[in-house]
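Descriptive analysis of the structure
This is what each chain is made of:
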Amino acid sequence: MDKEVIDINTFDINAEPAEMDWKNLVFGYYPTDYNVRCDFKDGKWGDIYITSSPMLDIHMAATCLHYGQEAFEGLKAHRGKDGKVRVFRMDENAKRFISSAKGICMEPLPEDIFCKMVRMVVKLNARFIPPYGTGASLYIRPLEIGMTPQVGVKAAREYSVVMFVSPVGSYFKTGFKPSKICITRQYDRVAPKGTGRYKIGGNYAASLAAGTMAHEQGYSAVLYLDPKEKKYLDECGPANFFAIKDGKYITPASDSILPSITNMSLRQLARDMGLEVEERHIAISELSEISEAAACGTAAVCSPVLEIDDLDTGDKYVISKDGKPGPVTTQLYDMLCGLKSGEVKDEHNWCEIIE
Ligand code: PLP
Ligand code: COI
């Protein structure tokens, strides 16, 4: 692909917002102006380059197409009340991108290149950062693919990293309104010692059939069980799961779930609020003892759970008796959103302001 000559210094993070129906954005792909890329070739990462093309030129025998050598990330930029643009914990996403790449034998992208690419892609597309108060944000999607043509099952020698952005609204259609989720033993997302802790495309392909079934039955997500014993809670569609029980923040400890950066942050915020935090196995039977529950993640933010239906046993666990988000979930949600918009003091230095 021809490299375009684009001078990032001529871009302004405070660019006039594009004409968009900001308040009604869904969580989806909206075209923006530029994406940034970096290729690994001849044993080293090259320079970051910018392009306006959304297309990739891939050999038909590339390992990403046949053997699933693909990993991705998801993080967000928010325009704050003070007009500043903040990106939340990008260093953690950079670290997890490295872990995911290593998990499927891809070349890991150094953290400093990842962070530089994030800063660039946000600034280059500043006119697509949703204005403060619209409830929308700029989703940043980094991905890495194996590019070497190969027919034998082997890792590639060449890799490409692409980072693009899309303005997005809520992931769960109900937003912060509690929704129903379901349990099923008919599908596993990942294997017990498989790839669940990596953010790789294959895990999401494996979740599509269960997710489609759940949506068709009116549920916003599947609450997966541990794939070995099917006794304990694992995670909730494209998000982690937490619950409030006896005033404690409890969340599953499991090798088959993605280590969520949102969950890690909520655990800290819960501790800051004086709550006890437990990361441990949570048996399905405990669902009758919890007072609040939510799905948490970059896309899901903190989506409260109304009811959990076990599709195999017919058990129904009503979590929110009045149909509203619980008080602890609401406080955590407000703190998290406040941090990202600059309205809550960033005690832990989680946000980077993009200039
Ligand atoms: N679990 C899965 C399977 C996910 O896709 C995501 C989204 O990234 C999460 C959990 C939440 O992770 P994070 O909070 O880092 O976005
Ligand atoms: C995220 O929360 O960043 C996700 O990746 C969730 C989903 C869109 C895959």
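Look above for the structure.
Residues numbered from 1 in each chain as written. Chains lettered and ligands numbered in written order. Predicted model: local features only at pLDDT ≥ 70, side-chain atom pairs only at ≥ 80, totals over all residues. Heavy atoms only, no water.

We now examine the overall build of the chain. Tallying secondary structure elements over the chain gives 7 helices and 18 strands in all. Computed over the C-alpha atoms, the radius of gyration of the chain is 20 Å, within 12% of the 20 Å expected from 2.2 N^0.38 for a compact globule of 355 residues. In terms of overall dimensions, the chain has C-alpha extents of about 60 × 55 × 35 Å along its principal axes. Buried positions account for 53% of the 355 residues belonging to the chain. For the chain, the proportion of contacts with a sequence separation of at least 24, taken over those separated by at least 6, is 71%. Surface accessibility of the chain: about 16300 Å² in total, with carbon and sulfur atoms responsible for 51%. (Helix = DSSP H or I, 4+ residues; strand = E, 2+ residues; numbered from the N terminus. Rg over C-alpha atoms; globule rule 2.2 N^0.38 Å. Buried < 20%, exposed > 50% of the residue type's maximum accessible area, 1.4 Å probe, protein only. Contact = heavy atoms within 4.5 Å. Areas by Shrake-Rupley, 256 points an atom, 1.4 Å probe, with all protein chains shown as cover.)

What follows concerns the site of ligand 2. For ligand 2, the full set of nearby residues is F27, F72, G74, Y139, R141, Y171, K199, Y204, P238, T298 and A299. Between an oxygen atom of ligand 2 and a side-chain N or O atom of Y139, the distance comes to 2.6 Å. A distance of 2.8 Å separates an oxygen atom of ligand 2 from a polar atom in the backbone of A299. In isolation ligand 2 has 280 Å² of accessible area, and contact with the protein removes 90% of it. When its residues are assigned to classes, the shell around ligand 2 shows 7 nonpolar, 2 polar and 2 charged. (Near = heavy atom within 4 Å. Polar contact = N/O pair within 3.5 Å; in protein donor to acceptor, adjacent residues only side chain to side chain. Nonpolar A, V, L, I, M, F, W, Y, C, P; charged D, E, K, R; others polar.)

This part takes up the state of the cysteines. For the structure shown, the criterion picks out 0 disulfides. C115 carries a free sulfur, and the closest cysteine sulfur to it, the one in C38, is 13 Å from it. With relative accessibility at 9%, the residue C115 sits in the buried group. No disulfide involves C337; its nearest neighbouring cysteine sulfur is the one of C302, lying 8.0 Å away. Overall, the relative accessible area of 28% leaves C337 in the partly exposed class. (Disulfide = S-S within 2.5 Å.)

Let us now look at the pairing of strand β14 (residues 277–280). In terms of strand pairing, strand β13 (residues 248–252) meets β14 through 4 bridges, oriented parallel. Paired with T251 across the strands is E279, a residue of β14. (Pairing = 2+ DSSP bridges.)

Take helix α5 (residues 208–216) next. For α5, the set of buried residues is A210, G211, M213 and A214. Seen from one end, α5 has its buried residues packed into an arc of 160 degrees, which puts them on one side. Pointing more than 90 degrees away from the buried face of α5 are the exposed residues L208, H215 and E216. (Arc of directions from axis to C-beta.)

Moving on, we come to the site of ligand 1. Surveying the vicinity of ligand 1 reveals 16 residues, the closest of which are Y204, E235, S260, T262 and T298. Contact distances for ligand 1 include 2.5 Å between an oxygen atom and a side-chain N or O atom of Y204. Only α6 (261–272) and β15 (292–297) provide two or more residues apiece to the shell around ligand 1. Considered class by class, the residues forming the shell around ligand 1 number 6 nonpolar, 6 polar and 4 charged.

So, about the pattern of salt bridges. Counting across every chain of the model gives 20 salt bridges. A salt bridge links D312 to R185; its shortest N-O distance comes to 2.8 Å. Of this pair, D312 sits in the loop between β16 (301–310) and β17 (316–318) while R185 sits in the loop between β9 (179–183) and α4 (201–205), and the two are 127 residues apart along the sequence. On the basis of relative accessibility, which here comes to 33%, the residue D312 falls in the partly exposed class. In the salt-bridge network here, residues are joined through shared partners; they are K245, K248, E276, E278, R280, E286 and E289. (Salt bridge = Lys/Arg side-chain N within 4 Å of Asp/Glu carboxyl O.)

This part takes up the side chain of R86. The topology assignment puts R86 in strand β6 (residues 85–88). Residue classification places R86 among the buried residues on the basis of a relative accessible area of 10%. A polar contact is formed between the side chain of R86 and the side chain of D82, at a distance of 2.7 Å.

Turning our eyes to something else, we now look at a nonpolar patch on the surface. Where nonpolar side chains cluster on the molecular surface, the patch consists of Y67, V151 and V153 and spans about 330 Å² of accessible area. By secondary structure assignment, the location of V153 is in the loop between β7 (137–146) and β8 (159–168). Accessibility expressed as a relative area gives 70% for V153, which makes it exposed. (Patch = residues over 30% accessible without salt bridge, like charges linked within 9 Å, V, L, I, M, F, W, Y side chains within 5 Å.)

This brings us to the environment of Y224. Structurally, Y224 is set in strand β10 (residues 221–225). Between the C-alpha atom of Y224 and that of R127, which follows or precedes it by 97 residues, the distance is 38 Å.

So, on to the packing of helix α2 (residues 90–103) against helix α3 (residues 111–124). Running from N to C, α2 and α3 point in directions that differ by 130 degrees, and their axes come no closer than 9 Å. Between α2 and α3, the angle falls in the class oblique. Remark: the crossing between α2 and α3 carries right-handed chirality. In this structure, α2 contributes M90, D91, N93, A94, K95, F97 and I98 to the contact, and α3 contributes E111, F114, C115, V118 and R119. (Axes fitted to C-alpha atoms, helices over the stretch in contact; angles between N-to-C directions. Parallel < 35°, antiparallel > 145°, perpendicular 65-115°, else oblique. Left-handed = near helix turned anticlockwise from the far one by under 90°.)

Honestly, it's all geometry; don't read function into it.
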